[in-house]
Every structure is written in C-alpha cells, then in structure tokens.
Amino acid sequence: MFRRFIVLLALCATLCSQANTMPAGEEYTGQGHCEYRGQTYIEGQKWSEGCELNCVCENSFTGFFSCDKKPSCKVTQTSIPPGCHLEVDPNDHCCRVPVCKDVIGR
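Engineer: Explain unusual backbone geometry here, please?
Structural biologist: The bulk of non-glycine residues show a negative phi, and the bulk of peptide bonds are trans. Positive phi is not limited to glycine here, since Arg37 has a value of about 50°. For Arg37, the location among the structural elements is in the loop between β1 (34–36) and β2 (39–41).

Structure follows, in structure tokens:
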C-alpha cells in the first residue's frame, strides 16, 4: 500500500507540473478569477479583445483563460453588388454589410 502511494505521488508530481504550465499571457492568480490586461473575469465569463479575439476564463483557480481568433466577416469590398456600398453591421460593429439603393420604381 505504501509503495503504491509513493508511485502515485511521483506520477502526480510529474503530471501536475506539466498541467500547471500555462502559455504566455496567462497567469496564476489562485484568487478565484482570471486576469487579462488589468481586467478581472470569473470562470465561464467571456470577453472580446477588439475585433480580433474571443476569450473565456476557463479556470478561475489557476487563472487559465483561452482566446480564439474571431471568425472573419462574410462580406468584403470585392463581394458587394454594383450600386451598393458597405456600412457598419448593426449586429457586429467589427463587420460591414452591403447597403443597396432601391432601383425598383425609377
């Protein structure tokens, strides 16, 4: 029994040290929250970093958070129909949507 305990302890020391290695930008807080650029987030809380990243506080005990690149906008300047122009999307200020003049009735 004692021998099994030592083997488990050694295994945990190896695995735990690897599990607590966090990528750059993430910090260990141990205070029940994640910190990013001076802001505090609770576990499960999501935030956006400009129009580039979507982030979430994954583990508030360790301060582990992850950020993924936001999906790109569907409309580009080259994909709009003739006679249309791009304006800010009311549902996503990071994207633009085509606005076309009503040509019917002219």
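And the narrative resumes.
Engineer: For this particular structure, what's the right way to read the environment of Cys34?
Structural biologist: Checked against the element boundaries, Cys34 lands in strand β1. Contacts of Cys34, omitting those with residues within four sequence positions, involve Gln39, Thr40, Tyr41, Cys57, Glu58, Asn59, Ser60, Gly63, Phe64 and Phe65.

Engineer: When you look at the pairing of strand β6 (residues 84–89) in this model, what are you seeing that I'm missing?
Structural biologist: Along any regular strand the residues' side chains alternate between the sheet's two faces. Bridge count between β6 and strand β7 (residues 92–100): six bridges; the pairing is antiparallel. Pairing of Val88 across the sheet is with Arg96, part of β7. Taking the residues that link successive antiparallel strands as the turn, the β6-β7 hairpin has two residues.

Engineer: I would appreciate a short explanation of the nonpolar core in the present structure.
Structural biologist: If you look at soluble globular proteins, the nonpolar side chains tend to sit buried side by side. Formed by Cys34, Tyr36, Tyr41, Trp47, Cys55, Cys57 and Phe65, the largest nonpolar core amounts to seven residues. Secondary-structure elements contributing two or more residues to this core are β1 and β4 (53–59). For Tyr41, the residues in contact, after removing those within four places along its chain, are His33, Cys34, Tyr36, Trp47 and Cys57.

Engineer: Mind showing me how you'd approach the sheet that holds strand β5 (residues 64–69) here?
Structural biologist: Adjacent strands of a sheet form backbone hydrogen bonds with each other and so pair up, either parallel or antiparallel. Taken together, the three strands give an open sheet; going across it, the order is β3-β4-β5, and neighbouring strands pair in antiparallel fashion. Of all the strands in the sheet, the pair left with one neighbour each is β3 (46–49) and β5. Taking the axes of each pair of neighbouring strands and ignoring which way they run, one obtains an average angle of 30° across the sheet. In the sheet, β4 pairs with β5 via six bridges, with the strands oriented antiparallel. Within β5, the position partnered with Val56 by the bridge is Ser66.

The rules behind these values
Residues numbered from 1 in each chain as written. Predicted model: local features only at pLDDT ≥ 70, side-chain atom pairs only at ≥ 80, totals over all residues. Heavy atoms only, no water. Helix = DSSP H or I, 4+ residues; strand = E, 2+ residues; numbered from the N terminus. Contact = heavy atoms within 4.5 Å. Pairing = 2+ DSSP bridges. Core = buried A, V, L, I, M, F, W, Y, C linked by side-chain atoms within 4.5 Å. Buried < 20%, exposed > 50% of the residue type's maximum accessible area, 1.4 Å probe, protein only. Axes fitted to C-alpha atoms, helices over the stretch in contact; angles between N-to-C directions.

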